Amino acid sequence: MTSKRKLHIKSYGCQMNVYDAQRMVDSLAGEGFVESASAEDADLVILNTCHIREKASEKVYSELGRLRAAKTEAAQNGREMQIAVAGCVAQAEGDEIIRRAPVVDIVVGPQSYHHLPQLIARAKTQGRAIETEFPVQDKFGVLPQPAASAIRARGISAFVTVQEGCDKFCTFCVVPYTRGAEVSRPVEKIVEDVKRLTDNGVREITLIGQNVNAYHGEGKDGASWPLGKLLHRLAEIPGVARMRYSTSHPRDVEDSLIAAHRELPQLMPFVHLPVQSGSDRILAAMNRKHTARDYCEIIERFRASRQDIAFSSDFIVGFPGETEEDFSATLALVTQIGYAAAYSFKYSPRPGTPAADMQETVSTAGMDERLARLQDLINSQQSAFNKAAIGTTMDVLFEAEGRVPGQMVGRSAYLQPVHVMASPDIVGRVLPVTIEKLERYSLFGALASPVSTVQPTPFQMTIGA
Ligand code: SAH
Ligand code: SF4
Ligand code: F3S
């Protein structure tokens, strides 16, 4: 048998990239690769890149600079190191990457990961291999490749891709160009993936997609199913204790999704629903196709379906033409909604997007100042939300041992880390915890009932086996 080759993979960007990285590791395991924590001794280094903002996409070139030294050193020791650039920068820049950084051997777009073994072989014989085509879809929007198939279970919580790509074309965003048109996976394929994961100890699944609630996959009945119906089907699978989905778009919030929050106790009451801005003028320039009022009404529909629901969002400050008045409307919206968490970014012009040609740019100093004000407001909401947990009893899904001996860590419905002193056999269980204190973003408490009263479920036996 030939010796194992070492693979080092570094991921940037969104959950989809994290998922894709695991998928690449799993598929290359079949080619004799084992994952390595360090790039220096790897035979293949993959940078799984993100193009969303300039800062994210420039990181790849500084990383490639460092890898050049490692590759030269490997060659001096008679060892070949291949360097691949995957992800959204690969898709957006293609062979331009090799022109700028000749150290790169392989450029592979997100739609072509199933060809990695051939690309690795081609790069060995021909020196370079580049593949960034978008494959043609059939009438159901199904790609002629196995698309995203289940990855190996790596713990208690797992991502499952249900939808990829985006047809929304927000004027600031590269995703429709790097990930292509919206495609949904068939219901039965997702069911198979989730069964496989739960058989291996997974208890929480997060359905992911660039526009997850635009999901319209084909059901067994041949009809197109919305996300709410898919969630109902997945809730029937034994072992699925918790479900989440991310990222959703306000325009695609359908009644079936709202109803799922009322009807499915497994569906966590925490929704990431990015709004970007509170100003209707800016929302229109962004091509979001909803107003601030539409957004607030959607939030109200969610709240009416489940009282304990909480929200997170994304915001962009300094979009071209954003005035102080527009920005005040964003602050007013945040104040009105009251978020449990939120991410905010300075607008970054991206090549090829319509907003990049807009003239009325906001100064960097102006953006910095607005970002600081917005983040102050968001932080105060987040800490108020976390503080409100003190004294309450909340369900926690335990995932792992904590840093302190004897301590276990899990997550609340709202993804807050919760620490208790308990025995390691609570991993994989959802248990009520009475919260005693908050330190930074972590909650600390005590199990609310003796653990021995909780029946272990069959799949817990497989954990760690
Ligand atoms: N599909 C998701 C978001 C994907 S990108 C959605 O529609 O909401 C994640 C976040 O990055 C976006 O919500 C947005 O806030 C931010 N973002 C995207 N493009 C950006 C740009 N050009 N400059 C700054 N932030 C950007
Ligand atoms: Fe980008 Fe808009 Fe699509 Fe989200 S909905 S991925 S922000 S184009
Ligand atoms: Fe980045 Fe591509 Fe995700 S641009 S955010 S890695 S879809």
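Asker: Can you help me understand the overall build of the protein in this one?
Answerer: Each helix and strand counted, the protein has 13 helices and 19 strands in total. Against the 2.2 N^0.38 benchmark of 23 Å for 465 residues, the protein shows a C-alpha radius of gyration of 23 Å, consistent with a compact globule. Taking the principal axes of the C-alpha coordinates as reference, the protein spans close to 60 × 60 × 50 Å. Looking at the 465 residues of the protein, the share that counts as buried comes to 54%. Entry remark: accessible area of the protein is about 20700 Å², with carbon and sulfur atoms responsible for 53%. If you average the places of the 51 positive and of the 55 negative side-chain charges in the protein, the two averages end up 3 Å apart.

Asker: Explain the sheet that holds strand 14 (residues 341-346) here, please?
Answerer: Hydrogen bonds along the backbone pair up the strands of a sheet, which may run parallel or antiparallel. With parallel pairing, the three strands of this open sheet are ordered in space as 12-13-14. The two strands at the open ends of the sheet, each matched to only one other strand, are strand 12 (270-272) and strand 14. Taken pair by pair, the neighbouring strands of this sheet meet at an average axis angle of 15°, ignoring direction. Where strand 13 (residues 310-317) meets strand 14, six bridges bridge the pair, whose relative direction is parallel. Counted as the bridge partner of S313 is A342 from strand 14.

Asker: It is not clear to me how the domain arrangement of the protein should be interpreted in this structure. Could you clarify?
Answerer: Interface size is commonly expressed as the accessible area that is lost once the parts come together. Taken domain by domain, the protein consists of domain 1 (5-131), domain 2 (145-268), domain 3 (271-384) and domain 4 (393-463). The C-alpha-based centres of domain 1 and domain 3 are spaced at 34 Å. Contact residues are listed per partner, giving five residues for domain 1 and four residues for domain 3. For the interface between domain 1 and domain 3, the tally reads zero salt bridges. Applying the counting rule to domain 1 against domain 3 returns four residue pairs in polar contact (both at pLDDT 80 or more). For the side of domain 1 that touches domain 3, a count of residues per class yields one nonpolar, two polar and two charged.

Asker: Mind showing me how you'd approach the site of ligand 1 here?
Answerer: Contacts to ligand 1 come from 16 residues, most closely from F172, Q210, Q276, D314 and S348. F172 places a polar main-chain atom, nitrogen or oxygen, 3.0 Å from a nitrogen atom of ligand 1. A distance of 2.7 Å separates a nitrogen atom of ligand 1 from a polar backbone atom of Q210. In isolation ligand 1 offers 540 Å² of accessible surface; the protein chains occlude 89% of this area.

Asker: Explanation requested: helix 2 (residues 54-76) in the structure shown.
Answerer: An α-helical turn contains 3.6 residues, so a residue and the one three or four places further along point in the same direction. Between the first and last C-alpha of helix 2 there are 34 Å, a value that for 23 residues agrees with the 33 Å anticipated at 1.5 Å per step. Residues of helix 2 that are buried include every one of A56, S57, V60, Y61, E63, L64, L67, A70, K71 and A74, and no others. For helix 2, the secondary structure elements touched by its buried residues are strand 1 (5-11), strand 3 (44-49), strand 4 (82-86), helix 3 (87-93) and helix 4 (96-100). Once helix 2 finishes, G78 follows within two positions and takes phi at roughly 75°, a positive value.

Asker: Just to check I follow, could you spell out the pairing of strand 15 (residues 393-401) for this structure?
Answerer: Looking down a regular strand, the side chains alternate between one sheet face and the other. Judged from the five bridges that link them, strand 15 and strand 18 (residues 430-439) form a sheet pairing that is antiparallel. If you follow M394 over to strand 18, its bridge partner there is V433. Relative to strand 16 (residues 407-411), strand 15 is paired through four bridges, and the arrangement is antiparallel. Looking at the pairing, E401 lines up with M408 of strand 16. Count of turn residues in the strand 15/strand 16 antiparallel hairpin: five residues, of which G406 carries a positive phi of about 85°.

Asker: What should I look at first to understand the packing of aromatic side chains in this one?
Answerer: Between two aromatic rings, the relevant description is the distance of the centres plus the angle of the planes. As enumerated under the stated definition, the model contains seven aromatic pairs in all. Geometrically, the ring pair formed by F315 and Y339 is edge-to-face, given 5.8 Å between the ring centres and 80° between the ring planes. In this pair, F315 sits in strand 13 while Y339 sits in the loop between helix 12 (324-337) and strand 14, placing the two residues 24 residues apart along the sequence. By the burial criterion, F315 is buried, and Y339 matches it. Relative to Y347, the ring of F319 has its centre 5.4 Å away and its plane inclined at 65°; by these criteria the two rings are edge-to-face. Taken together, the positions of F319 in the loop between strand 13 and helix 12 and Y347 in the loop between strand 14 and helix 13 (364-387) put the pair 28 residues apart, joining distant regions of the chain.

Asker: Explain the side chain of N48 here, please?
Answerer: Relative to the helices and strands, N48 is located in strand 3. Assessed through its relative accessible area of 0%, N48 is described here as buried. Apart from residues lying up to four places away in sequence, N48 is in contact with K10, S11, Y12, N17, D20, A21, M24, A86, G87 and Y113.

Asker: Would you mind showing me how to read the packing of helix 9 (residues 255-263) against helix 11 (residues 292-305) here?
Answerer: Each pair of packed helices can be described by the angle between their axes along with the distance between the axes. Interhelical geometry of helix 9 versus helix 11 gives an angle of 35° and a closest axis separation of 8 Å. As for the relative orientation of helix 9 and helix 11, their crossing is right-handed in sense. Facing D255, L257, I258, H261 and R262 of helix 9, the residues of helix 11 in contact are R301, F302 and S305. Looking at the contact of helix 9 with helix 11 residue by residue, the classes come out as three nonpolar, two polar and three charged.

Cut-offs and rules
Residues numbered from 1 in each chain as written. Chains lettered and ligands numbered in written order. Predicted model: local features only at pLDDT ≥ 70, side-chain atom pairs only at ≥ 80, totals over all residues. Heavy atoms only, no water. Helix = DSSP H or I, 4+ residues; strand = E, 2+ residues; numbered from the N terminus. Rg over C-alpha atoms; globule rule 2.2 N^0.38 Å. Buried < 20%, exposed > 50% of the residue type's maximum accessible area, 1.4 Å probe, protein only. Areas by Shrake-Rupley, 256 points an atom, 1.4 Å probe, with all protein chains shown as cover. Lys, Arg positive; Asp, Glu negative; His and termini not counted. Charge placed at Lys NZ, Arg CZ, Asp CG, Glu CD. Pairing = 2+ DSSP bridges. Axes fitted to C-alpha atoms, helices over the stretch in contact; angles between N-to-C directions. Domains from an automatic or database assignment. Contact = heavy atoms within 4.5 Å. Salt bridge = Lys/Arg side-chain N within 4 Å of Asp/Glu carboxyl O. Polar contact = N/O pair within 3.5 Å; in protein donor to acceptor, adjacent residues only side chain to side chain. Nonpolar A, V, L, I, M, F, W, Y, C, P; charged D, E, K, R; others polar. Near = heavy atom within 4 Å. Expected span 1.5 Å × (residues − 1). Phe/Tyr/Trp six-rings, centres within 6.5 Å; stacked < 30°, edge-to-face > 60°. Left-handed = near helix turned anticlockwise from the far one by under 90°.

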